[in-house]
Structure formats: C-alpha cells, structure tokens
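# Residue-level structure breakdown
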Amino acid sequence: MPEMPEVQGLTRFLAERAVGRTITRATVAAISALKTYDPPIHALQGAEITAASRHGKFVVLTCRDDLHLAFHLAKAGWLRWYDTLPTTLIKPGKSPIALRIALDDGSGFDLTEAGTKKSLAVYVVRDPQDVPGIARLGPDPLDPSFTREVFAGLLAGKRMQIKGLLRDQAVIAGIGNAYSDEILHAARMSPYAISAKLDDDEIDRLFAATHATLTDAVTAASGKPPADLKDAKRRGMQVHARRGEACPVCGDIVRSVFFADRSMEYCPTCQTGGKPLADRRLSRLLK
C-alpha cells in the first residue's frame, strides 16, 4: 500500500509535471472508483491545475478554490504517468485503469488498481474537507507543529496496541502497515506494546523513530518518477516484507505475524526480548 513517503513523492512529481497544465479530458473507466457526483467529473474538463498537495495518504489536485480532484490509492492502486498519453480506448472491466486524466500538452496519467478487491477512491469536491477520509485525519507527523508533546498527548489514555495506533489515520495521518513496522523496529519496541503504558524513554524513542524513519523515506522518494517509487520503498525497508532475512541491526531472523489481509514483520531480538510473537493465523508460536 502506498503510504506517506510514496504519496509525497507522487505529489511532488505532479507539482512539477501537472501544475500549470489544463485538464482536457477526465475518463472514468471503473465507475466504482468515483465516490462523488457533485461536482460532476466533467467539471474538470478545461480546468487548470494550480496546486498539488498531500493529505495523509490522499493526493489532492486543486483546479480552483471550489474544484479539487482527490484520490486515495488504497492497497493496490498506483499512478502511471505518460509524457505522451496513449490514445487507445479504455475498455471498462478489461483494464486495471480506473481513471485517466489528459492534459493540454499531450501528457497525462492513469490511476490503476491491481487485483479483484477494488478500493481505489476518486473524489471531485469543492473542498478537500468534503472527502470523509480527509476530514477525519489526525495530525501529520512531519508537520513542524507535531512535537514530542503533541505525540505524547495522542498516546495518553489510549489503551491500544502501538502498531494499531500508528496505523490509525484518525490519530496520526499517513502511516500504514509498512512504515509502522519500520518505526517500531527503529524504536526497538514490540508492536503489541500498549500506548498508554509507555514511559518517557519509550515515548522519546518512538517519537524520534517516527520522525527519522518518515523523513528518510520522504527524502529517498523525492525527485523519483512514479515508476521508481515502489522499488525505492522496498530497498529502504529494514524488516517489513523481509521475513526470513537477517535483521540488519542484530542479525536475528526477521519474523512475521499473519492476519486476514496483511502481515507484520519484526525482529525478536531488537523488539520483543528474543521471544517470537504468537502467529494468529496458525494459533501457535513461530518456530
């Protein structure tokens, strides 16, 4: 799933390539992806893109004060950029393309989604806050106002496992399954630690790890075209999606815990005192 660093990379790319261009055509190929009807999708035609911004994991292209194209790539979505947009006809149901945006210089992009579970979401709105997912977002962890004190306040009183809290978009915006694994590994913390029980030293470590992990990932994504962002993300991972490999810090084997539609990765030596966590999929301890 694209998370904050990759979405920030896409936003910066679109700021460089799409801002200042006029939308000549907006074609919806997967009607299930379009979540709004007013303003209609054709309101984008003839509109100049004046800004690109990120809200959590959402990209927002602003055309004017009362017209915005927002999209969330969900688990299997991506943006495919073309310097010269293909002219072939998109056949709904026969292509992974959900939306195609054509620009006045012949360039443009497709929003695509792999797999059968269709969760990619597109909105045409008068205000980004009209998108429910944007309206419920918590603070951005890379905003200058996101201090250690703010972070501690978000943890206080919440009896949640810290892995789930980091992924909760209403608490902190932009962190998903992959970067929560990376943050917790950097903080040397169990994903099952309870947020309200963390002491000052643990909060310090977790705050520093959150800021450093995301800052480094955003820096790595900066300036890369969409086609290169996924590989850059994979190369930067220390434990996520590296089950069975050696932890780069201590050399122990990276383990996984499986859930219905995802897994989490961690290092027992670095994070759980050497003890493997229960694999909920198999209801036994990992060997």
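See the structure shown above.
Everything numeric here is computed off the predicted structure, so don't read it as measured data. Residue numbers run consecutively from 1 along every chain, following the written order of its sequence. Selection of residues for local features in this predicted model requires a pLDDT of at least 70, selection of side-chain atom pairs for listing and counting requires 80 or more, and totals for whole chains, interfaces and linings are taken over all residues. Side-chain figures throughout are based on the complete set of non-hydrogen atoms in the structure, without hydrogens or water.

Helical segments are the DSSP runs of H or I of at least four residues, strand segments are the runs of E of at least two, and each set is numbered from the N terminus. Looking only at helices and strands, the protein features eight helices and 12 strands. For the protein, the C-alpha radius of gyration of 20 Å lies close to 19 Å, the compact-globule estimate for 287 residues. The buried label applies to any residue whose accessible area, calculated with a 1.4 Å probe on protein chains only, is under 20% of its type's maximum; exposed applies above 50%, and partly exposed to all values in between. Taking all 287 residues of the protein together, 50% fall into the buried category. Within the protein, residue pairs in contact and separated by at least 24 positions form 64% of the contacts whose partners lie at least 6 positions apart. Counting every atom, the protein has about 13400 Å² of accessible surface; 51% of that belongs to carbon and sulfur. Charge centroids of the protein, computed over 39 positive and 33 negative side chains, lie 8 Å from each other. Every radius of gyration here is taken over C-alpha atoms, with the globule rule written as 2.2 Å times N^0.38, N being the number of residues. Contacts were defined at the residue level, with two residues in contact if any of their heavy atoms lie within 4.5 Å. Method for areas: the Shrake-Rupley scheme with a 1.4 Å probe, in which residue coverage is limited to the protein chains shown. Charged residues are defined narrowly, with Lys and Arg counted positive, Asp and Glu counted negative, and His plus the chain ends left uncounted. Taken as the charge centre is NZ of Lys, CZ of Arg, CG of Asp or CD of Glu, depending on the residue.

Attention now moves to helix α5 (residues 177-186). Of all 10 residues that make up α5, nine are buried, and the element is covered over most of its length. Every buried residue of α5 is accounted for by Asn 177, Ala 178, Tyr 179, Ser 180, Asp 181, Glu 182, Ile 183, Leu 184 and His 185. If you follow the buried residues of α5, they end up packed against α1 (4-17), α4 (162-167), α6 (200-221), α7 (226-236), β10 (263-266) and α8 (268-271). Arg 188 sits one or two positions beyond α5 and adopts a positive phi of about 55°.

Before going further, it helps to spend a moment on unusual backbone geometry. Here Asp 38 and Pro 39 are connected by a cis peptide whose omega angle stands at 5°. Position of Pro 39 relative to the elements: it lies in the loop between β1 (23-28) and β2 (51-55). Even without being a glycine, Arg 188 presents a positive backbone phi close to 55°.

Now for the state of the cysteines. In this description, a disulfide is simply a cysteine sulfur pair whose atoms lie within 2.5 Å. As enumerated under the stated definition, the model contains zero disulfides in all. Free cysteine: Cys 247, not disulfide-bonded; nearest cysteine sulfur from Cys 270 at 3.7 Å. The exposure class assigned to Cys 247 is buried, which follows from its relative accessible area of 3%. Here Cys 267 stays unpaired: no disulfide links it, and the sulfur of Cys 250, its closest cysteine neighbor, is 3.4 Å away.

Attention now moves to the nonpolar core. In this structure, Leu 14, Leu 44, Leu 111 and Val 122 are the most contacted members of the largest nonpolar core, which totals 35 residues. Looking at this core, the elements with two or more residues in it are α1, β1, β3 (58-64), β4 (67-72), β5 (77-82), β6 (97-103), β7 (108-113) and β8 (121-125). If we ignore the near neighbours within four places in the chain, the residues touching Leu 14 are Val 19, Ala 52, Val 59, Leu 61, Phe 71, Leu 79, Trp 81 and Phe 109. Each nonpolar core is a collection of buried residues, namely Ala, Val, Leu, Ile, Met, Phe, Trp, Tyr and Cys, held together in the definition by side-chain atoms within 4.5 Å. Grouped together as the second largest cluster of nonpolar side chains are 27 residues, Phe 151, Ile 162, Ile 172 and Phe 207 included.

Another point: the side chain of Glu 6. Its place among the elements puts Glu 6 in helix α1. Judged by its relative accessible area of 3%, Glu 6 is buried. When sequence neighbours within four positions are dropped, the list of residues in contact with Glu 6 reads Met 1, Trp 78, Tyr 179, Leu 229 and Lys 233.

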